Number of protein chains: 2
Amino acid sequence: MSLELVSASRCFDGTQGVYSHRSETLKCDMRVGVYLPPAAVSQPVPAVFWLSGLTCTEQNFITKAGAQRAASALGIAIITPDTSPRGAEIPNDDAYDFGQGAGVDATQEPWSRNFRMYSYVVGELPELVASHFAVDPTRFGISGHSMGGHGALTIGLRNPTLFRTISAFSPICAPSQCPWGEKALTGYLGGDRSQWAKYDAMQLIAEIGWSGSEILVDQGEADEFLETQLKPDLLVEAAARGDVPLRLRRRTGYDHSYFFISTFIASHLEHHARYLLA
Amino acid sequence: MSLELVSASRCFDGTQGVYSHRSETLKCDMRVGVYLPPAAVSQPVPAVFWLSGLTCTEQNFITKAGAQRAASALGIAIITPDTSPRGAEIPNDDAYDFGQGAGVDATQEPWSRNFRMYSYVVGELPELVASHFAVDPTRFGISGHSMGGHGALTIGLRNPTLFRTISAFSPICAPSQCPWGEKALTGYLGGDRSQWAKYDAMQLIAEIGWSGSEILVDQGEADEFLETQLKPDLLVEAAARGDVPLRLRRRTGYDHSYFFISTFIASHLEHHARYLLA
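Residues numbered from 1 in each chain as written. Chains lettered and ligands numbered in written order. Predicted model: local features only at pLDDT ≥ 70, side-chain atom pairs only at ≥ 80, totals over all residues. Heavy atoms only, no water.

Draft legend 1. Representation of the nonpolar core. Within the largest apolar cluster, 60 residues are counted, with the highest numbers of intra-cluster contacts made by Val135(A), Ile142(A), Tyr188(A) and Ile215(A). For this core, the element with the highest residue contribution is helix H3 (residues 117-132) of chain A, accounting for seven residues. Core analysis: the second largest hydrophobic core is formed by 58 residues, Met30(B), Ala77(B), Ile79(B) and Ile142(B) among them. (Core = buried A, V, L, I, M, F, W, Y, C linked by side-chain atoms within 4.5 Å. Buried < 20%, exposed > 50% of the residue type's maximum accessible area, 1.4 Å probe, protein only. Helix = DSSP H or I, 4+ residues; strand = E, 2+ residues; numbered from the N terminus.)

Draft legend 2. Just the sheet that holds strand S8 (residues 215-220) of chain A, in detail. Residues and elements named next belong to chain A. One open sheet holds the nine strands; their spatial order is S1-S2-S3-S5-S4-S6-S7-S8-S9, and the pairing between them is mixed. Edge positions in the open sheet fall to strand S1 (4-11) and strand S9 (246-251), since each of these has one partner strand only. On average, adjacent strands in this sheet sit at an angle of 20 degrees to one another, irrespective of strand direction. Note that strand S6 (residues 135-144) and strand S7 (residues 165-169) share two bridges and pair parallel. Note on S7: the bridge partner recorded for Gly-141 is Thr-165. (Pairing = 2+ DSSP bridges. Axes fitted to C-alpha atoms, helices over the stretch in contact; angles between N-to-C directions.)

Draft legend 3. Structural view of the pattern of salt bridges. Residue and element names in this part refer to chain A. Under the definition given, this model contains 19 salt bridges over all chains. Between Arg-193 and Glu-182 there is a salt bridge; the shortest N-O distance is 3.0 Å. Residue Arg-193 is located in the loop between helix H5 (179-189) and helix H6 (201-207), and its partner Glu-182 is located in helix H5; the two are separated by eleven residues in the primary sequence. Judged by relative accessible area, Glu-182 falls into the partly exposed class, the value being 29%. (Salt bridge = Lys/Arg side-chain N within 4 Å of Asp/Glu carboxyl O.)

Draft legend 4. Examining the relation of the copies chain B and chain A more closely. Between chain B and chain A, which share one sequence, the superposing operator has a rotation angle of 180 degrees and an axial displacement of 0.0 Å; the RMSD is 0.0 Å. Here the transformation between the copies is reduced to the relation of a two-fold axis. When the interface residues of chain B are mapped onto chain A, 100% of them again lie at the interface, so the same face is used by both copies. (Least-squares fit on C-alpha atoms with pLDDT ≥ 70 in both. Contact = heavy atoms within 4.5 Å.)

Draft legend 5. A look at the pairing of strand S6 (residues 135-144) of chain B. Residue and element names in this part refer to chain B. Buried residues dominate S6, accounting for eight of its ten residues. When strand S4 (residues 45-51) meets S6, the two strands line up parallel, connected through six bridges. Across the sheet, the residue bridging to Phe-49 is Ile-142, located in S6.

Draft legend 6. The layout of surface pockets, seen in detail. What the largest pocket holds in volume is close to 490 Å³. The wall of the largest pocket is formed by 33 residues, among which Lys64(A), His145(A), His256(A), Ser257(A) and Tyr258(A) lie closest to the centre. Looking at the lining of the largest pocket, the elements that each hand over two or more residues are helix H1 (58-64) and helix H9 (258-276) of chain A together with helix H1 (58-64) and helix H9 (258-276) of chain B. With four residues, the single largest contributor to the lining of the largest pocket is H1(A). Class assignment of the residues belonging to the lining of the largest pocket gives a composition of 13 nonpolar, 16 polar and four charged. Volume-wise, the second largest pocket comes out at about 280 Å³. For the second largest pocket, the lining is made up of 16 residues, of which Leu54(B), Thr55(B), His145(B), Phe225(B) and His256(B) are closest to its centre. (1 Å grid on protein atoms, 1.4 Å probe; cavity = no way out; pocket = protein on both sides within 12 Å on 5 of 7 lines; lining within 4 Å. Points joined across faces, edges and corners; volume = space filled by probe spheres on them. Nonpolar A, V, L, I, M, F, W, Y, C, P; charged D, E, K, R; others polar.)

Draft legend 7. How the structure looks around the interface of chain B and chain A. Of the residues lining the interface, 21 residues belong to chain B; the matching set on chain A comes to 21 residues. Across the chain B/chain A interface, buried area totals approximately 1700 Å², and carbon plus sulfur atoms make up 57% of it. If you look at where chain B meets chain A, you find zero salt bridges. Taken together, the links from chain B to chain A amount to ten residue pairs in polar contact (both at pLDDT 80 or more). Where the side of chain B that touches chain A is concerned, the elements lending two or more residues are strand S1 (4-11), H1, helix H2 (68-74) and H9 of chain B. The residue inventory of the side of chain B that touches chain A, partitioned by class, reads seven nonpolar, nine polar and five charged. (Buried area = accessible area lost by both parts, 1.4 Å probe. Polar contact = N/O pair within 3.5 Å; in protein donor to acceptor, adjacent residues only side chain to side chain.)

Draft legend 8. How the structure looks around H9(B). Residues and elements named next belong to chain B. Compared with the 27 Å implied by 1.5 Å per residue over 19 residues, the 25 Å span of H9 between its first and last C-alpha is a close match. Of all the bends in H9, the largest measures some 45 degrees and sits at Phe-264. Of the residues flanking the start of H9, the one acting as N-cap is Ser-257, its side-chain oxygen 3.1 Å from the backbone nitrogen of Phe-259. (Expected span 1.5 Å × (residues − 1). Bend = angle between axes of the 7 residues up to and from the residue.)

Draft legend 9. Here's a closer look at the sheet that holds strand S3 (residues 28-36) of chain B. All names here are of chain B. Spatial strand order, S1-S2-S3-S5-S4-S6-S7-S8-S9: nine strands in an open sheet with mixed pairing. The open sheet is flanked by S1 and strand S9 (246-251), the only strands paired with a single partner. Between one strand and the next, the sheet's axes are offset by a mean angle of 20 degrees, whatever the strand orientation. Across nine bridges, the pairing between strand S2 (residues 14-23) and S3 is antiparallel. Pairing of Gln-16 across the sheet is with Tyr-35, part of S3. Here helix H8 (residues 232-242) sits on the sheet and contacts strand S8 (215-220) and S9; the angle it forms with S9, its principal contact strand, is near 155 degrees.

Draft legend 10. A look at the packing of aromatic side chains. This model, assessed by the stated rule, comprises 28 aromatic pairs over all chains. Taking the centre distance of 5.6 Å and the plane angle of 80 degrees together, the rings of Phe169(A) and Phe260(A) count as edge-to-face. With Phe169(A) in strand S7 and Phe260(A) in helix H9, this residue pair connects regions lying 91 residues apart in the sequence. Residues Phe169(A) and Phe260(A) agree in their burial class; the two are buried. Each residue in the set Trp50(A), Phe61(A), Phe169(A), Tyr254(A), Phe260(A) and Phe264(A) is aromatic and connected to the rest through ring pairs, giving one cluster. Sitting over the face of the ring of Tyr199(A), Arg158(A) holds its NZ or CZ atom 5.3 Å from the ring centroid. Lying across the ring of Phe264(B), Arg251(B) places its NZ or CZ 3.8 Å from the centre. (Phe/Tyr/Trp six-rings, centres within 6.5 Å; stacked < 30°, edge-to-face > 60°. Lys NZ or Arg CZ within 6 Å of the ring centre and 35° of its normal.)

This is the structure in structure tokens:
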């Protein structure tokens, strides 16, 4: 698996890189951001994988979250893949909430050939990162925002040996029960709702549980999508019923933007570090 | 002077707002970012005015610098105007380094009607901000990046009672002696170089000096524009000859990007706070 450097900038004494590689899983070229803290010069460090939300690329988090400061101080790498296969040859949709910029492992045409983001994030991407950078593959965590928060929860819950820590900002907690989720899951997976369960965090917590470290979720109370799309109460209830350690922090006055993420990202990285550096 | 709210997001317990107003000086609608720290709820706070570089709007700094964290902790507001008059009715140029996104007080056609950024930043903008927000107009500082660093230096040096503190990232230090500056000053001011001196930081330091607090400049040594456009050595030499307190910090490995700014912006705000909060 070869990797091409797109750009590299020094940041908080570490390096924020962006790389490009040919993905076998997605059958297209993919970009991925890699922040390496100064500690990675001398030894492999833990890494947190970040999944961004609808409409985002690998750029949003690395330019807007200000996460490099805390990652540098804690000695943690941050891996930020693009959010979907991308390119002129990849199927797309005019809507902002479907097609390029949104992904699972699709089974429906025309998406099934390329839209295999689940397999990419649990297979090709961690292998690629572990083989090219000074990161320790036994100490990976996962986090994300909105649709990417949904991704972090569902991917983390289903892969407890790959990802030891999970957190999320404003995740779509029950995609089977909200407009964004119903549209995407119908389009990518078809109308048989029994096929949706493995992409629904609420259902996964109820069905397979989680015996790992506490799951941390931050949710802004002024978030314009809170009631219609995100529904964190459903996640909290499922966690309580399933005895899953989940902490939801409701943040008064905060919205769905990166201003919210930038405010609390250091706290999330500290949460991951507490377990990954223990 | 009325002001319309464009957006507001809670950020580090303060508020990152963007406002729009009709500028009498520039004869167009202008946007300005205003970050108010939590301390501004109970009393007027000092404010640092930030001038961004070529191609930027008010958005770049507020989304990419991560400055709100330090501004919140220190209790300092940050004012981020757009970098030039803007709009379909405003003259423009196809080049990235001239026309909209770059400005002084132009005397040449077609620029002279709208391109009066110097007057805007020293007159209308501080009045507007002081009349609408909990900021203390006796405690203003100024900073900026690249072309905006040039702006911060020249505007600060010429207005020591309005701006008590000055800092800059990667400023164009001697625009009369570099391609960016020669192009812009010729276009906006005409070919008579005697008219350029008041927009040249190196010449201003030599001619009018500065008896205020130490001027802080950060410059990345991997900056692709260092030798051809920025020329900080000329500024340092002029400051030494003129006995002007100027500290240039050369940062090994850092480039011209916001990854550089985000790394050191907290240190700059602390520098301003040291004097403005004294």
